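Structure assessment
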Amino acid sequence: MGTILQLDHVSYTADKSQILSDISFSVAEQEYLTISGPSGSGKSTLLRVISSLITQTSGTVNFKGKSSLDYDPTEYRRHVSYCFQQPQLFGNTVKDNLTFPFEIRNQPFDQKKATDSLQYVGLSAGDLDKNINALSGGEKQRVALIRNVLFPPDILLADEVTAGLDDTSKEIVHKLLKHLNQDRKMTLISVTHDDSEIRDAAKLYNIVAGKLEVPTNDQQQ
Amino acid sequence: MINSNNFILMGAMNTKNLQVSPFSLVLAASLVLVAVLISQWQKLGLTKDLLVAAIRAVIQLTIVGFILKYIFRINNAWLTGLMILFIIFNAAYNAHKRAAGIPKSFPISLIAIFTATILSLVILVVTGAVKFIPSQTIPITGMIAGQAMVADGLAYRSLNSSFHDRREQVLEKLALGANVKQASEGIIRDSIKNGMAPSIDSVKTMGIVNLPGMMSGLMFAGVDPLQAVEYQIMTVFMILATTSLSAFIAVYLAYKQFYNDRDQLVRD
């Protein structure tokens, strides 16, 4: 598998405080990378840099061999999609959220695709018209994830997407992430605090105080 | 808002009923003392502001009175045009001050207010509703540009608060691959609406709650109420067109200032 993402000496400074410091690593196509680390260590900032929602202060982020800065930002983010921790849903209904990816691409809404996805994550076709305020936290997170992958990106950046979820929702989300990675050949970078996800990680990095700790071989599972 | 233009078009009207002597103005100044007394009594801390405001108003209005008298008498198209530009420039500057740091808010306000004002003015002059003479075009410009200024100021405030309150949502839309316009759509719509809302509200209650400035001024000058109403109806059309156009232009140019060239949200 070739390298899809390469970070070289990436640092990020905001308001004179260094949040990311000299981070370098590469991710192969269809790899499932797990990143853990204490709160405030810079994990979310790293994902925001990779998704080009902010630009690193120094260093380079290469996607498919080309600097992220050389891509059209909108086009780039459709390939490198960031799913937020505790995402906010738009509008009033689940449908409002699932039509959004179609609207921004000027494509007609594919209801079957949307309902198939809903069913895959344990929701029903009838939930399409459900008010977003009637959803549980776990259901909201699942809808948000679907929103990110209705048009499958090359890389999905999942920011603590199981944090605060009940066990059922957590299991469904894990199953979806695995499916996307193994069956849909999506590259995944998942930031997590979740013990089971860390334990099962195929490849695990730690971020502590903005620095990447690449584990030694015997730590690596 | 329109009340500041109460005496519009009065120059052409019968002014025999209008005899405010300097002495009666001095007596009227005692009204300011009422406000000062309330401020002192209730410890509002507004005494200085009230006195400064009253003195500034007297000085500014006196100067404007002399300038307008001169311009009306000269009746020169270039000078009238210059005065119109001066009013638009001032309106843009004041709208810019209400933008609370939105980059390029002055040129944006200038483009928005200039376009909306000149377009309305041209339509009014071409249709014959207003003559291109200083005593008509200058007060009308003041009214239009003033309305546009208020609309733009409110629209800027709405942009600032919406981008702050809905920051996460905008970021999520960007992360999903929306371009800056798609990510800002709701905010753009709300900000244009918020800019226009007070004008629409004031127009809705015209004649019921408030007797609008244009009409009041004309009646004050002894004009037949029905004739005054005709002019007022014209200003209603003018206000609706101007505020919507100006707020639309200002918002569409200003929302982009919340992003950098990498389509990243830079202000909150």
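On a predicted model such as this, the values are computed, not experimentally measured, just so you know.

Quick notes on the pattern of salt bridges
All names here are of chain A. By the definition in use, this model includes 10 salt bridges over all chains. Across the salt bridge formed by K203 and E31, the nearest N and O atoms sit 3.1 Å from each other. Of this pair, K203 sits in strand 9 (residues 203-208) while E31 sits in the loop between strand 2 (17-28) and strand 3 (32-36), and the two are 172 residues apart along the sequence. Overall, E31 belongs to the buried group, its relative accessible area being 19%. For K43, the salt bridge goes to E160, with nearest N and O atoms at 4.0 Å. Of this pair, K43 sits in helix 1 (residues 43-50) while E160 is found in the loop between strand 7 (155-159) and helix 6 (167-182), placing the two residues 117 residues apart along the sequence. For K43, a relative accessible area of 4% gives the class buried.

Re empty space enclosed by the protein
Applying the stated criterion across every chain yields a total of 2 cavities of 30 Å³ or more. Taken as a whole, the largest cavity holds about 50 Å³ of empty space. Residue lining of the largest cavity: A:R77, A:R78, A:S81, A:P101, A:R105, A:R147, A:N148, A:F151 and B:L176, and that is the complete set. Where the lining of the largest cavity is concerned, the elements lending two or more residues are helix 2 (73-79) and helix 5 (137-149) of chain A. Within the lining of the largest cavity, the residues separate by chemical class into 3 nonpolar, 2 polar and 4 charged. Every residue along the wall of the second largest cavity is listed here: A:Y82, A:C83, A:F84, A:P87, A:R147, A:N148, B:E172, B:A175 and B:L176.

A few points about the environment of B:M206
Residues and elements named next belong to chain B. Summarising the element assignment, M206 is placed in the loop between helix 8 (180-204) and helix 9 (213-220). Classification of M206 as buried rests on a relative accessible area of 15%. Measuring from C-alpha to C-alpha, the distance between M206 and V236 comes to 9.0 Å, with 30 residues separating the pair along the chain.

Considerations on the interface of chain B and chain A
With 15 residues of chain B at the interface, the matching set in chain A holds 26 residues. Of the roughly 1,900 Å² buried at the junction of chain B and chain A (both faces included), carbon and sulfur atoms supply 51%. At the boundary of chain B with chain A, the tally comes to 2 salt bridges. Counting across the chain B and chain A interface gives 11 residue pairs in polar contact (both at pLDDT 80 or more). Among the elements that make up the side of chain B that touches chain A, the one with the highest residue count is helix 7 (residues 167-175) of chain B (7 residues). When grouped by side-chain class, the residues that make up the side of chain B that touches chain A number 5 nonpolar, 5 polar and 5 charged.

Topic: the packing of aromatic side chains
Evaluated as defined, the whole model comprises 14 aromatic pairs over all chains. Measuring from ring centre to ring centre gives 6.4 Å for B:Y93 and B:F106, while their planes differ by 70°; the resulting arrangement is edge-to-face. Residue B:Y93 is located in helix 4 (residues 77-97), and its partner B:F106 is located in helix 5 (residues 105-126); the two are separated by 13 residues in the primary sequence. For B:F106, a relative accessible area of 22% gives the class partly exposed. Here A:K66 stacks its cationic end above the ring of A:Y71, 4.5 Å away from the centre of that ring. For A:R147, the ring lying beneath its charged end belongs to A:F90, and the centroid distance is 4.2 Å.

Considerations on the UniProt feature "transmembrane region" (unreviewed entry) in chain B
All names here are of chain B. Per the UniProt record, "transmembrane region" (unreviewed entry) is annotated on residues 20-38, 50-72, 78-96, 108-130, 203-221 and 233-255. Taken end to end, residues 50-72 has its terminal C-alpha atoms 32 Å apart, with 100% of it in helix and 0% in strand. Structurally, residues 78-96 is divided into 100% helix and 0% strand, and its ends, taken at the C-alpha atoms, are 27 Å apart.

Quick look at the sheet that holds strand 8 (residues 187-191) of chain A
All names here are of chain A. Spatially, 6 strands are ordered 6-7-8-3-9-10 in an open sheet, and the strand pairing comes out mixed. In the strand order of this sheet, the two ends are held by strand 6 (80-83) and strand 10 (211-213), each with one partner. On average, each strand axis in the sheet is tilted by 20° relative to the strand beside it, whichever way the strands run.

A look at the sheet that holds strand 2 of chain A
Residue and element names in this part refer to chain A. Across the sheet, which stays open at both edges, the 4 strands sit in the order 2-1-4-5 with antiparallel pairing between neighbours. Single-partner strands in this sheet number two, and they are strand 2 and strand 5 (66-67). Direction of pairing for strand 4 (residues 58-63) relative to strand 5: antiparallel, over a ladder of 2 bridges. Among the inter-strand pairings, N62 is bridged to a residue of strand 5, identified as S67.

Conventions adopted
Residues numbered from 1 in each chain as written. Chains lettered and ligands numbered in written order. Predicted model: local features only at pLDDT ≥ 70, side-chain atom pairs only at ≥ 80, totals over all residues. Heavy atoms only, no water. Salt bridge = Lys/Arg side-chain N within 4 Å of Asp/Glu carboxyl O. Helix = DSSP H or I, 4+ residues; strand = E, 2+ residues; numbered from the N terminus. Buried < 20%, exposed > 50% of the residue type's maximum accessible area, 1.4 Å probe, protein only. 1 Å grid on protein atoms, 1.4 Å probe; cavity = no way out; pocket = protein on both sides within 12 Å on 5 of 7 lines; lining within 4 Å. Points joined across faces, edges and corners; volume = space filled by probe spheres on them. Nonpolar A, V, L, I, M, F, W, Y, C, P; charged D, E, K, R; others polar. Contact = heavy atoms within 4.5 Å. Buried area = accessible area lost by both parts, 1.4 Å probe. Polar contact = N/O pair within 3.5 Å; in protein donor to acceptor, adjacent residues only side chain to side chain. Phe/Tyr/Trp six-rings, centres within 6.5 Å; stacked < 30°, edge-to-face > 60°. Lys NZ or Arg CZ within 6 Å of the ring centre and 35° of its normal. UniProt positions renumbered as here; feature names shortened; annotations may be inferred. Pairing = 2+ DSSP bridges. Axes fitted to C-alpha atoms, helices over the stretch in contact; angles between N-to-C directions.

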